[in-house]
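Geometric and topological summary
Residue strings, one per chain:
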Amino acid sequence: MEETIVKADKDLSTRFAAIRQHTEFICRPLKTEDYVVQPCADVSPPKWHLGHTTWFFETFILKPFLPDYKVYDSQYDFVFNSYYETVGARVIRTDRGNLSRPTVEDVFAYRKYIDEHMGRFLENGDFSLNLIETVDLGLNHEQQHQELLMTDIKYILGHNPLFPPYATEYVPNGLKSMASPFHQVVAGNYQIGFEGEGFSFDNEHGRHQVWLNDFKIATSLVSNREYLEFINSGGYQNFNYWHAEGWDWVRREHIGAPLYWHLIDGKWMNYDLGGLTEIIPENPVCHLSFYEATAFANWKGFRLPTEAEWEVASAAFDWGSRWEWTNSAYLPYPGFKKADGAIGEYNGKFMVSQMVLRGASQATPVGHSRSTYRNFFHPHLRWQFTGLRLILD
């Protein structure tokens, strides 16, 4: 079947340049040494993010579609492949911090080389719809890594014993209070899943009907003040609030507060991108695992929303300050099918042992959020900007 050829939107090359530049803007406050640190397996060095997002365009756009394209460095397939088995061998994730070479300078030169070739390529104008969709996927993939960059940078600097600020002018998001503390949703059939124009990931597709019982959802996120009450009441010492797996995690990892909280001279301090400061009680609590979010909800006598409840009610409250844990496992929607080839590895193969988060966070790039977006992480992870919202039945 012959592919449809269309003229690319003139905005595509402009958007490509803007998104690529924003990634480098995020890295501007960093020193050379900051680019290569990997404090834990879940964090990638900033240098690797810069290289991996560049490798995506070289691998999936330039190599197959630009005639006579010359690969920048044949070793970069091995260095900057993340998890694409179809593409070939790759550096083990835990070894990314061992890559002193290529240097930071080399990686920026790589980005410049790819950007120049992509710029000329996109100016040609006539592409198949599939190719345009792949470029769009690459841009949204880069925006995902911009958020990962922010969270990984915070983890790197937040685990430096000196607690250096990323940017001294950084101001964390505050909590917006709503006029009514809860929004009522009546029982009935509802539709969830992406529809309409614009980009969406394949795991959002397959709009379908769900039945929901009556519920009330909090119009504000749980605050630091509320979470401190949970800590002070002995919430981390009482197994009754925790899943068995979560309780094992608390004891094994000696967890007693959200990530980046430190009790210093009787005061709770919090490392944020502006440095180490005293906790602001009104701000939404951040950097919680699913285990902690569930335990807090149990302690409070509430529960977490399912992802369907969250999506149906999302127009009734402000969201976007924190990724919000839901009580839904990350599973395919009805009719979900993985695409052929490496692109099909993007989401589907991760639909096991992970929980869905909804919304966005202060680290999410502008224009990269929507109410149908399905983020997902393992339940013990909390280095992302994660918080919670409560449900009352």
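An account of the accompanying structure is given in this report. Each residue is numbered by its place in its chain's sequence as written, counting from 1. Local features in this predicted model are restricted to residues of pLDDT 70 or higher, and side-chain atom pairs are both shown and tallied only at a pLDDT of 80 or more, whereas totals for entire chains, interfaces and linings draw on every residue. Excluded from the side-chain calculation are hydrogens and water; included are all heavy atoms of the structure.

Right, let's talk about the packing of aromatic side chains for a bit. When the centres of two rings from Phe, Tyr and Trp lie within 6.5 Å, Trp using its six-membered ring, the rings pair. Their planes under 30 degrees apart give stacked, over 60 give edge-to-face, and anything left gives tilted. Overall, the coordinates contain 44 aromatic pairs when judged by the stated rule. Ring centres of Tyr236 and Trp242 lie 5.5 Å apart, and the angle between their planes is 45°; this geometry places the pair in the tilted category. Considering the side-chain rings of Trp249 and Tyr291, the 5.6 Å spacing of their centres and the 50° angle between planes classify their relative orientation as tilted. Within this pair, whereas Trp249 is found in helix H7 (residues 244–253), its partner Tyr291 is found in helix H8 (residues 290–300), the two being separated by 42 residues in sequence. Note on accessibility: Trp249 and Tyr291 belong to one class, buried. Aromatic rings pair up to connect Phe16, Trp55, Phe56, Phe57, Phe60, Tyr83, Tyr84, Tyr330, Phe350 and Phe376 into one cluster. By definition, being over a ring means that NZ of Lys or CZ of Arg is both within 6 Å of the ring centre and within 35 degrees of the ring normal. The ring of Tyr333 has Arg374 lying over it, and the distance from NZ or CZ to the ring centre is 4.1 Å. Sitting over the face of the ring of Phe317, Arg389 holds its NZ or CZ atom 3.7 Å from the ring centroid. Think of it this way: any DSSP run of H or I at least four residues long counts as a helix, any run of E at least two long counts as a strand, and we number them from the N terminus. Exposure categories follow from relative accessible area, calculated using a 1.4 Å probe and restricted to protein chains: below 20% of the type maximum is buried, above 50% is exposed, and the middle band is partly exposed.

Turning our eyes to something else, we now look at the packing of helix H1 (residues 11–27) against helix H4 (residues 104–123). Think of each axis as a best-fit line through the C-alpha atoms, taken over the contacting stretch in the case of a helix, with angles from 0 to 180 degrees between the N-to-C directions. With their axes 10 Å apart at the nearest point, H1 and H4 run at an angle of 170° to one another. Taken together, the axis directions place H1 and H4 in an arrangement best described as roughly antiparallel. On H4, the residues touching Leu12, Ser13, Phe16, Arg20, Thr23 and Glu24 of H1 are Phe108, Arg111, Asp115, Met118 and Leu122. Along the lines of polarity and charge, the residues of the contact of H1 with H4 split into five nonpolar, two polar and four charged. Any angle that is under 35 degrees is reported as roughly parallel, and any over 145 degrees as roughly antiparallel; angles of 65 to 115 degrees are reported as roughly perpendicular and all others as oblique. Contact between two residues is taken to exist if any of their heavy atoms lie within 4.5 Å; hydrogens are not considered. Ten residues, namely Ala, Val, Leu, Ile, Met, Phe, Trp, Tyr, Cys and Pro, are considered nonpolar, four, namely Asp, Glu, Lys and Arg, are considered charged, and the remaining ones, Gly among them, are considered polar.

For H4, with 20 residues, the first-to-last C-alpha span of 29 Å sits near the 28 Å given by 1.5 Å per residue. If you check which residues of H4 are buried, you get Val104, Val107, Tyr110, Arg111, Ile114, His117, Met118, Phe121 and Leu122. Looking straight down H4, one finds that the buried residues subtend no more than 155° of arc, so they occupy a single side. Exposed side chains of H4 directed beyond 90 degrees from the buried face belong to Glu105, Lys112 and Glu123. Where H4 is buried, its residues meet H1, helix H2 (46–65), helix H3 (76–80), strand S2 (126–128) and helix H5 (129–158). Gly125 occupies a position one or two residues after H4 and carries a positive phi of about 95°. Expected span, for any helix, means 1.5 Å times one less than how many residues it has. In this description, the arc belongs to the directions extending from the helix axis to the C-beta atoms.

Moving on: the layout of surface pockets. Only protein atoms enter the calculation, which uses a 1 Å grid: trapped sets of points that fit a 1.4 Å probe without letting it out are cavities, open sets showing protein on both sides within 12 Å along at least five of seven lines are pockets, and any residue with an atom within 4 Å of a point is a lining residue. Grid points are joined across faces, edges and corners, and a volume is the space filled by probe spheres set on the points. Volume-wise, the largest pocket comes out at about 970 Å³. Along the wall of the largest pocket there are 37 residues; nearest its centre are Tyr83, Arg93, Leu148, Phe376 and Phe377. Of all the elements in the fold, those that place two or more residues in the lining of the largest pocket are H2, H5 and strand S12 (375–377). Broken down by element, the lining of the largest pocket gets its largest block of residues, six residues, from H5. For the lining of the largest pocket, the class distribution of residues is 15 nonpolar, 14 polar and eight charged. Looking at the second largest pocket, its volume works out to about 840 Å³. In terms of lining residues, the second largest pocket is bounded by 31 residues, among which Glu133, Thr134, Asp136, Leu137 and Phe199 are the most central. Breaking the lining of the second largest pocket down by element, the ones donating at least two residues are H1, H2 and H5. Its residues assigned to classes, the lining of the second largest pocket shows 15 nonpolar, eight polar and eight charged.

This next bit is on the nonpolar core. What is meant by a nonpolar core is a set of buried Ala, Val, Leu, Ile, Met, Phe, Trp, Tyr and Cys residues, joined one to another through side-chain atoms within 4.5 Å. The biggest cluster of nonpolar side chains holds 90 residues, and the ones touching the most others in it are Tyr166, Trp242 and Leu388. Looking at this core element by element, the count peaks at eleven residues for H5. Filtering out sequence-adjacent residues up to four positions away, Trp242 remains in contact with Phe230, Gly235, Tyr236, Trp247, Trp249, Val250, Tyr291, Glu292 and Ala295. Core analysis: the second largest hydrophobic core is formed by twelve residues, Ile192, Val210, Leu212 and Ile391 among them.

Another point: the packing of H2 against H4. Across the interface, H2 lies against H4 with an axial gap of 9 Å and an inter-helix angle of 35°. By crossing handedness, the relation of H2 to H4 is classed as left-handed. For the pair formed by H2 and H4, the contact residues are Lys47, Leu50, Gly51, Thr53, Thr54, Trp55, Phe57, Glu58, Ile61, Leu62 and Phe65 on the first element and Val104, Val107, Phe108, Tyr110, Arg111, Ile114, His117, Met118 and Phe121 on the second. Among the residues making up the contact of H2 with H4, the classes are represented as 13 nonpolar, four polar and three charged. The crossing is said to be left-handed when, going from far helix to near helix, the turn is anticlockwise and less than a right angle, and right-handed when the turn is clockwise.

Take unusual backbone geometry next. Residues Arg101 and Pro102 are joined by a peptide bond in cis, for which omega reads 0°. Turning to its location among the elements, Pro102 is positioned in the loop between H3 and H4. For Asp265, which is not glycine, the phi dihedral falls at a positive 50°. Within the element layout of this structure, Asp265 appears in the loop between strand S7 (261–264) and strand S8 (267–272).

This next bit is on H7. Since the α-helix packs 3.6 residues into each turn, any two residues three or four apart lie on the same face. Among all positions of H7, only Gly246, Trp247, Trp249 and Val250 are buried. End-on, the buried residues of H7 take up no more than an arc of 155°, which puts them together on one face. Set apart from the buried face of H7 by more than 90 degrees, the exposed residues are Ala244, Glu245 and Arg252. Packing partners of the buried residues in H7 comprise H8. In the stretch just after H7, His254 is the one whose phi turns positive, near 55°.

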